[in-house]
Amino acid sequence: MSTSDDEGDGAFTRSQALFERVARTIAGGESSYARLKKGLELCFDHGEGSHFWDIDGNEYIDYSLGYGPLIFGHRPKKIIEAVFEAVNRYGTVATFPYDLDAEVGELITELVPGVDLLRFANSGTEATMAAARLARAYTGRSKIVQMEGGYHGWADTHFWSSHPDVWRPEVSPYSPVPRPGSRGIPACYGEALLIAQYNDREGLAQLFERYGDDIAAVLVEPVQCNTGVILPEPGYLEFLREITRAYGALLIFDEVITGFRLAPGGAQERLGVVPDISTFAKALGGGFPIAAFGGSFEVMQLEATNQVMHGGTYTANVVALAAARAVLTEMKTRRQEIWSVLDGYGERLREGLAEACRSAGLRCLVQGIGPVWHIFFAKPDAPDLERIRNYREAHAYASIELFDRFHRAMLARGVYFHPYHFERWFVSAVHTEDDVRRTLEAAAEAAQEVVASLQERPLAGMAEPAMPGIAPA
Ligand SMILES: Cc1ncc(COP(=O)(O)O)c(C=O)c1O
C-alpha cells in the first residue's frame, strides 16, 4: 500500500528521489522504452480500480492502464483470487499439458472467430514473431508487409518503420523499404519486410503487383493503435482480406491491443473481417503476462505437427493461464454489462473531450472505437482534416507541444494518460460515472489553460523525438 501517508499536493519530490535511485541500477530508470517522459518521471505507489497513486500521494484517474492490460482496472479482485487459487492448486509451472490449457483454449476458440487452434506465448512481441514465422512457413515466401506507424513489438524482425523520422528530408518520401527502429538491428531483417501506408489500397495493390510472389503475409493492427488511434476506412479490412487471398498470402491481425477489448472476439468480431492468423496479449491477461497466437486449423497444422518451431519455458504457465481463464470467463458471462461500460464511457469521453477542447478554441481530432481513442491537437499550420488515416497524416497534423501542454494540465488535475503524443487512451470496465464527470471537468479547465498559455508562451516548435539510439542526421 501507499508508502506516503499524506495526500499528494501535486509535487513530485519523492518520485524524483526514487527515480534517481532506480536509475542508478536500472538503465535509464525503466525496463521498457517510452515508459517515461523526460521531466515527468512519476514513480508508482499502488493502483485500485480505475485510479492509481504516485509515491508523493497524488491520485490519478488512469487512462493508460499499464499500457493496456488492465481492462478490469488495477488489482482486479476476481482475477487475483483466481491466480492465487490456481497457484495453490498447481504450483507455477505445469511441465506438461494440464486442464487450464484446455479451458483457456476452449474459451479463446469459442470467443474469437478466426482461431481454431492456438499456442500461448509470454508477450505480444513473441506472439507476433511466431505468427510471422508461421506465415512464412505456410506460404514458403519471405516477405511480410507491415504498415508505417504500426508496432508489433521490439524484435529485430519487426521493429521497423514504426515511427520513422519523416520530418527528415531523406526519410520524407514514402518508400516501401523499411527503416530500422533502433541501432543494432541488422539490415538483413529489413530485407524480409515491405512497408505500406495504412488505409492506402492503391499503394498496397502496387506492392502486391511487384512483389506478390514473395509476400507471405500482411501483418496489420486492424485498428492502428500505435499512431494514436487510426480507424480503418470503410472497406479497407475487407480489401486486405481479398488482396491477400488473391495473391495466396496470409492476413495476420495483430490484436495485441484490440483483442478482448473491441469485443470479446476482438476487432475481427467487431469489424467482421476474419484473418488467417491473430496475435493477442494485453487484455487477455487482465494485467498478468500472457500472449497467444492462433488461426485456422489448416495454417496451425504446421504448429501442431511441429514443422514450425515455437517454444518458451514459461509459455502456458499457471499464473498466466489462471488469469486468462478468469478474464475470459468474465467476458463471456458478463459481456453485455462489460461492453456497455467500455463502449458507453469510451463514446462519452471521446465526445466530451472533443467538445471541451474545441470550445476552448483548440483545433483537434478525437479518434477511436469502443474503449480506445486518442486526441490529436492540430499544429497551427495543420491542414483541416476530417480524420487522420495514416502515420504521415498524423505527423503532418499533430502538435507534440500542444499535446504535451494538455497532458501536463490534465496531470495537475489528477487525470493520467500516456504522455507520448502517439500513444492512446484506454478506458476500463471499472471506470465510473464520477471518473467521466471529473475527467471532462478537468479537460474543460485544462484546454482553457493551454489556450491561455499560448499568450505567454507561443509554441516553440518542440523537437520531434528521434528513434531510440538513432542520431538525427
Ligand atoms: C499492436 C502491438 N503488437 C505487439 C506489441 C508488443 O507486445 P508486448 O509489449 O507484450 O511485447 C504491442 C505492444 O504495445 C502492440 O501494441
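Parameters and conventions
Residues numbered from 1 in each chain as written. Predicted model: local features only at pLDDT ≥ 70, side-chain atom pairs only at ≥ 80, totals over all residues. Heavy atoms only, no water. Near = heavy atom within 4 Å. Polar contact = N/O pair within 3.5 Å; in protein donor to acceptor, adjacent residues only side chain to side chain. Areas by Shrake-Rupley, 256 points an atom, 1.4 Å probe, with all protein chains shown as cover. Nonpolar A, V, L, I, M, F, W, Y, C, P; charged D, E, K, R; others polar. Domains from an automatic or database assignment. Buried area = accessible area lost by both parts, 1.4 Å probe. Salt bridge = Lys/Arg side-chain N within 4 Å of Asp/Glu carboxyl O. Helix = DSSP H or I, 4+ residues; strand = E, 2+ residues; numbered from the N terminus. Axes fitted to C-alpha atoms, helices over the stretch in contact; angles between N-to-C directions. Parallel < 35°, antiparallel > 145°, perpendicular 65-115°, else oblique. Contact = heavy atoms within 4.5 Å. UniProt positions renumbered as here; feature names shortened; annotations may be inferred. Phe/Tyr/Trp six-rings, centres within 6.5 Å; stacked < 30°, edge-to-face > 60°. Lys NZ or Arg CZ within 6 Å of the ring centre and 35° of its normal. Pairing = 2+ DSSP bridges. Buried < 20%, exposed > 50% of the residue type's maximum accessible area, 1.4 Å probe, protein only. Left-handed = near helix turned anticlockwise from the far one by under 90°.

1. Notes on the site of the ligand
Lining the immediate environment of the ligand, one finds Ser 123, Gly 124, Thr 125, Tyr 151, His 152, Gly 153, Glu 221, Asn 226, Asp 254, Val 256, Ile 257 and Lys 282. Between the ligand and Thr 125, the relevant distance is 2.6 Å, taken from an oxygen atom to a side-chain nitrogen or oxygen of the residue. The separation between an oxygen atom of the ligand and a polar side-chain atom of Asn 226 is 3.1 Å. If the ligand stood free it would expose 390 Å²; the protein chains cover 83% of that surface. When its residues are assigned to classes, the shell around the ligand shows three nonpolar, six polar and three charged.

2. Structural notes on the domain arrangement of the protein
Assigned domains of the protein: these are domain 1 (13-74 + 335-456) and domain 2 (77-333). Computed from C-alpha coordinates alone, the two centres of domain 1 and domain 2 are separated by 25 Å. Carbon and sulfur atoms make up 61% of the area that domain 1 and domain 2 hide from each other, which totals about 3100 Å². Between the two partners, domain 1 and domain 2, sit four salt bridges. The salt bridge partner of Glu 269 is Arg 335, with a shortest N-O separation of 2.2 Å. For the side of domain 1 that touches domain 2, the secondary structure elements donating two or more residues are helix H11 (335-360), strand S11 (364-369), strand S12 (372-377) and helix H12 (391-397). No other element matches H11, which puts five residues into the side of domain 1 that touches domain 2. Taken together, the residues of the side of domain 1 that touches domain 2 break down into 19 nonpolar, seven polar and seven charged.

3. Thoughts on the packing of helix H4 (residues 124-139) against helix H9 (residues 297-304)
Look at H4 against H9: their axes get within 10 Å of each other, and the N-to-C directions meet at 105 degrees. If you check the angle between H4 and H9, you find them roughly perpendicular. In this structure, H4 contributes Ala 130, Leu 134, Ala 137 and Tyr 138 to the contact, and H9 contributes Glu 298, Val 299, Met 300, Leu 302 and Glu 303. The residue makeup of the contact of H4 with H9, split by class, is seven nonpolar, no polar and two charged.

4. Details of the side chain of Gln 224
In this fold, Gln 224 is placed in the loop between strand S7 (215-220) and helix H7 (236-246). Once you skip the residues sitting within four places of it in the chain, Gln 224 turns out to touch Met 147, Glu 148, Gly 149, Gly 150, Tyr 198, Val 229, Ile 230 and Tyr 391.

5. Some details on the UniProt feature "domain: Rhodanese" (unreviewed entry) in the protein
Feature annotation in UniProt assigns "domain: Rhodanese" (unreviewed entry) to the following positions: residues 123-163. Taken end to end, residues 123-163 is 39% helix and 12% strand, and its first and last C-alpha atoms sit 21 Å apart.

6. Focus on the packing of aromatic side chains
Overall, the coordinates contain 20 aromatic pairs when judged by the stated rule. We note Arg 89 situated over the ring of Tyr 90; from NZ or CZ to the ring centre the distance is 4.2 Å.

7. Here's the deal with the sheet that holds S12
Spatially, three strands are ordered S11-S12-S14 in an open sheet, and the strand pairing comes out antiparallel. Because the sheet does not close on itself, it has two edges, and the strands there are S11 and strand S14 (425-426). Pairing of S12 with S14 involves two bridges; the strand directions are antiparallel. Residue Val 372 lies in a different strand from S14, and its bridge partner there is Phe 426. This element, H11, spans S11, S12 and S14 of the sheet and lies at about 180 degrees to S11. Its contacts with the sheet put helix H13 (residues 400-411) on S12 and S14, and the angle it makes with S12 is roughly 120 degrees.

8. Quick notes on unusual backbone geometry
Unusually for a residue other than glycine, Tyr 67 sits at a positive phi of about 70 degrees. Examined against the element boundaries, Tyr 67 turns out to sit in the loop between strand S3 (59-62) and helix H2 (77-90). Overall, the relative accessible area of 25% leaves Tyr 67 in the partly exposed class. One non-glycine residue with positive phi stands out, namely Asn 306, at about 55 degrees. Along the chain, the position of Asn 306 falls in the loop between H9 and helix H10 (318-333). A relative accessible area of 57% places Asn 306 in the exposed class.

9. Points about the packing of H2 against H10
At a minimum axis separation of 8 Å, H2 and H10 run at an interaxial angle of 140 degrees. As judged from the angle between their axes, H2 and H10 are oblique. Crossing angle aside, the handedness with which H2 passes H10 is right-handed. Taking contact as the criterion, the partners of Lys 78, Ile 79, Ala 82, Val 83, Ala 86, Val 87 and Tyr 90 in H2 are, on H10, Val 318, Val 319, Ala 322, Ala 323, Ala 326, Val 327 and Glu 330. Each residue belonging to the contact of H2 with H10 can be placed in one class, and the counts come to twelve nonpolar, no polar and two charged.

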